[in-house]
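One-letter residues, chain by chain:
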Amino acid sequence: MLWNRRVSVLLVCLAVISLAIGGASGVPIFGQDSPTGETPKSDATAAPAGSQLAPMTPENVSTLADRVKKSVVVITFSDRDGKPQGIGSGFIIREDGLIATNLHVIGEARPIQVRTIDGKTYPVESIYANERSQDLAIVKISATGLTALELGDSDTLVQGQPVVAVGNPQGLEHSVVAGVVSGLRKDIEGMSMIQLAIPIEPGNSGGPLVDLSGRVHGLLTMKSLVTDNLGYAVTINTLKPLLAEPNPITMSKWLTIGTLNPRRWIVPGDVYWTQRAGRIRVSGQGAGFGGRSLCLSTAEVPAIPFEVGVSVKLDQDDGAAGVVLFQSEDTHYGFYPSSGKLRFARFDGATVYEWNVLWEEARPEYREKDWNHLKVRVEADRIQCFCNGVLVHEDFDMRYRSGKVGLCKFRHTSAEFRQFEVGTQIASHAPTTELRAEADAQVGQLSPQRPPSTQQITPLIEKSEALHAALEAKAVELEQTAKRLRQLSKDVHAARHRKQLVETLSVPEDQVDLARAALLIAAIDNPEFNVEDSLQTLDDLAKDFEKSLPAGITPADKLTAFHRFLFEEQGFHGSRVNYYNPSNSYLNETIDDREGLPITLSVVYMTLGRRVGLKVEGVGLPGHFVVRAVPEMGEPVLIDPFERGKTLSLDDAKSLVSETGRTWDDSALAAQTARQIVVRILRNLLNLANESQDPDAALRYVETILALDPESLSDQLLKAVLCYNTQRYEEGIDVTEKLIQSNSPDLRLDQLRNLQGQMKALRELQQGNK
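The structure contained in this document is the topic of the report that follows. Quick caveat: nothing in here was measured; it's all calculated off a predicted structure.

## Observations concerning the packing of helix H8 (residues 514–525) against helix H14 (residues 674–691)
- It is the contact of H8 with H14, at a shortest axis distance of 10 Å, that shows an interaxial angle of 20°. Between H8 and H14, the crossing angle belongs to the class labelled roughly parallel. The hand of the H8/H14 crossing is right-handed. Note on element contacts: H14 touches H8 through Ala674, Ile677, Val678, Ile681, Leu682 and Leu685, opposite Leu514, Ala517, Ala518 and Ile521.
- When grouped by side-chain class, the residues that make up the contact of H8 with H14 number 10 nonpolar, no polar and no charged.

Structure below.
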C-alpha cells in the first residue's frame, strides 16, 4: 500500500515541473511513464555567482534529460535461481563499456546485468574497480560505441546550484528529478557527500547527478533519514581514483567473495549465507513456510553421546536463529531463540502442521541483542540444551537420532554466528570460578577516569585465553547492574512523587491544588522537571490577565475577556496533528507548548479560572473532557477548551459523546473531583504506554492509579501481568496472592494461580543467577 501510494504521488508529480529552485525541494520532472501535458512557464533562475551555467527552464531541462538518459542504465542482480532480486541505476563513463554505480547496487557474489536505454541487456563480465568504504563500483560490460557522460569537478559545486538527477526510483525507469545542492558535506559515514533537495527512492542509487551542462558531479546514493525530500550523492571526484588505478575482479572470482567454503558448509535453498572475519552472517527470508533456511556442516557427526555448539547474535528482537540437529531433508530438531524466548522444536516436514514446539520459555540466561552461546548435548536417552553454559532444558523426544548438524534461521531474521563446534565434548564457554574471581579482582584495579594501565595488562597476557570470556561476562554483569541502578533511581523518583500526589489529593476537595496534582503526574515521568516552575507560570498568567481587566467589568464580560486572553492572546489550542503524543497529557508541556488534550486544556482553564475568581467545574464527558462555568447569577455554561472556548449546548454535548461511539447518560454532566481528573489523565497515559508496548511506563501509571484507588481489581490484575512482563516476580506474586485471597467472582482464579506459578518458577531462576 505504501509503495502504491508513493508511485501514485510520483505519477501525479511527473506532470509538473518545479520552478521554485531557491529553497524548494526537487519535484520529479518526467520519465518514460509520465503523462504529457502543457508545462507552466517561469522566469529563468539566476546561476550561482561566478558561474556560466545555463538557467533552469522547462525547455533546457527537457533537452538535457533527453541527452543524459541515453547514458543511464538499469542494473539488476539475480538470486541463486537466476530470478531478479534487486534493481538500481548506473551510467556510462567510457564508450567501451565502463559503468559507474554504487557498490550496494550490485550486491555481493551475485550475477549482474546491465540494460541500456535501447533495451539491450549485457551481463557484467568483471568488476573493474570497487571501494567499499565509499560505496562505489565500476563494472565492465562487453560493448563498444556507447554514449558516455562527461565527468565534472565536484569541488566546483556551490550551495544553491541547480542540478538534475536521473535514475529508476521504485522501478520507474529513467525518471528525472530537478532540485538544488542544499549542502556540501565532507564526512557522512566517512564519505564526501553532496546534500540534495531531491527525494531519493530505492532504485535511484547509482544514478548520475548532473549540472545543467550535463557534467556528472555525483552518484545518487542514499535517502535522508530525517525527511523524504532530502538525499545524498557521493562526489564524482571520489570515483576518479578508481578509474586511474582500478582493481579488477573477474565475475568468476566476484561470485565467490564472502561465500561459505563448500568443503565445510552446505546451504540448501536460496538464502544468502556469507562468511567474513571469522563470522557467518545470514539475511533474507527462505522461500518455504516460516522463512526457514539451513546452513549444514559437512563435518562428521560423532557417535552418541556428542555435542554441537555455536554463538549467535540476532539483529531483531523478534528474530529466530540457532542450532540444527539430526537434519535429513525437511526433518530435524532446532534449538534457538525466538522472539526473546528459548525454543526447542521438532520439524517433521515443510508445513506448519509438521512443526512441533517441544519446549519454549523466557530464560534469564538469554541476552537479547547480544552474543549467546547455544549448546546441545545428545545422550542415549535425552537431548540437553544449554544457553551460556547453563542447562535450560532436557528433552526425551527420540524420533530422530541421525543426520547432519548445522545452523538455522527463520522469518526475516538477520543473524551472525561464530565459533561453531561439533565433537564428543566441546569446551565450556562459561567462565570457571577462578576466572570469575580474577575478573572481579581486575574490576577493583580499574579507574573510571583512565584506561587500563600497561602494569595491569602485562600480567594477564600469560593467563588462560578463557579470561577474555570472564572479563566480557563481568562487563555484561556490570552493564546490567548499571541498568538496574538507573532503574532504581527512576523508581525511587516515581515513588516519591507518587507519594506527594496522594498527599495533594488527600485534603478536602475545595482545598485540592488541581494544577499541582496534574503536574506531579508529569514529574513522575520526568526527573528533570520542577513542579514549582510551572505553578509559577500559572500564577504569572493569572496576574497578567487580572492586570488587563478594566475596573467594574461584569462577570459575563470577564468570561469573554478570559477566553480572549487564553485562546487568542496566549494561543492555547487543541492538539490535532499529534493528538496521541504523551506530551499532550503532561500539564507542564501543555502550558509550555500551549497545546494539549481536552482534559489537560480543561485543567489549565479550571486552574487559571479559579485563580482569577471564576467558578469552573470539570465535566468528564465520555471521550471528551470539557468544563462548566458557573456564574453567580444565570445558568451554567458548558465550554470546550479544546475548541478554543466554544460554548456547548446540551445537544452539542450529546453529539460529542455520540461521536466517540458511546451512549448518552445524564450522569456524564456530573462535576468531576480532582481525584477523578487525575485518574483519567493517568489512564490516557496508560493506554499510550500499552499501545507503544512500554510495560515499565504502564506499570508506573498502574501503581499510581492503585495508590489513589487501592481496591481496583482490574488494576491489580493489570499490575500482576506487568510485574511478570518487567521481571518483578516477587511483587507480582504478592499481587496475585492478594487477588486469589479476595475470591472475587469477577476473577478467573485458575488463570491467576497459573500466572503466580510461572512467576514463582522464574523467581527461583532469578535468585539462582544472582
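## Description of the packing of aromatic side chains
- Throughout the structure, instances matching the rule amount to 17 aromatic pairs.
- Seen from their ring centres, Trp355 and Phe410 are 5.9 Å apart, and the 70° between their planes marks the pair as edge-to-face. Taken together, the positions of Trp355 in strand S23 (residues 355–361) and Phe410 in strand S27 (residues 404–410) put the pair 55 residues apart, joining distant regions of the chain. Taken individually, Trp355 and Phe410 each receive the classification buried, so the pair is uniform in this respect.
- Taking 5.9 Å as the distance between ring centres and 75° as the angle between the ring planes, the aromatic pair formed by Tyr579 and Phe642 counts as edge-to-face. Of the two residues, Tyr579 sits in the loop between strand S29 (573–574) and helix H11 (587–593) while Phe642 sits in the loop between strand S33 (637–640) and strand S34 (646–648), which places them 63 residues apart along the sequence.
- Using a relative accessible area of 6% as the deciding quantity, one classes Phe642 as buried.
- One aromatic cluster in this structure is built from Phe306, Phe326, Tyr333, Phe344 and Tyr400.
- Above the ring of Phe386, the side-chain terminus of Lys375 is found at 4.5 Å from the ring centroid.
- The ring centre of Tyr701 lies 5.9 Å from the NZ or CZ of Arg700, which sits over that ring.

## Topic: the sheet that holds strand S28 (residues 415–423)
- Spatially, the seven strands line up as an open sheet ordered S16-S17-S28-S19-S24-S25-S26, and their pairing is antiparallel. Where the open sheet ends on each side, the last strands, each with one partner, are strand S16 (272–276) and strand S26 (390–395). Strand-to-strand, the axes of this sheet are offset by a mean angle of 25°, without reference to chain direction.
- Where strand S24 (residues 372–378) meets strand S25 (residues 383–387), five bridges bridge the pair, whose relative direction is antiparallel. In the strand pairing of S25, Leu374 is matched with Cys387.

What counts and how
- Note that residues are indexed from 1 along each chain, following the sequence as it is written.
- Selection of residues for local features in this predicted model requires a pLDDT of at least 70, selection of side-chain atom pairs for listing and counting requires 80 or more, and totals for whole chains, interfaces and linings are taken over all residues.
- Excluded from the side-chain calculation are hydrogens and water; included are all heavy atoms of the structure.
- Each axis is a line fitted through C-alpha atoms, and for a helix only the stretch in contact is used; angles between axes span 0 to 180 degrees, taken between their N-to-C directions.
- To qualify as a helix, a DSSP run of H or I must reach at least 4 residues; to qualify as a strand, a run of E must reach at least 2; elements of each kind are numbered from the N terminus.
- Roughly parallel refers to an angle under 35 degrees, roughly antiparallel to one over 145, roughly perpendicular to one between 65 and 115, and oblique to any angle outside these ranges.
- Helix crossings get a hand from a simple test, with the near helix turned counterclockwise from the far one by less than a right angle marking a left-handed crossing and a clockwise turn marking a right-handed one.
- Contacts are assigned to residue pairs that have any heavy atoms within 4.5 Å of one another.
- Each residue gets one of three labels, nonpolar for Ala, Val, Leu, Ile, Met, Phe, Trp, Tyr, Cys and Pro, charged for Asp, Glu, Lys and Arg, and polar for the others, Gly among them.
- Note on aromatic contacts: the rings of Phe and Tyr and the six-membered ring of Trp form a pair at centre separations within 6.5 Å, being stacked when their planes are under 30 degrees apart, edge-to-face when over 60 apart, and tilted otherwise.
- The cut-offs for exposure are 20% and 50% of the maximum accessible area for each residue type, with area from a 1.4 Å probe on protein chains only; residues under the lower value are buried, those over the upper are exposed, and the others partly exposed.
- Look at NZ for Lys and CZ for Arg. If either is within 6 Å of the ring centre and within 35 degrees of the ring normal, a charge sits over the ring.
- Pairing between strands is defined by DSSP: at least two bridges between them are needed.

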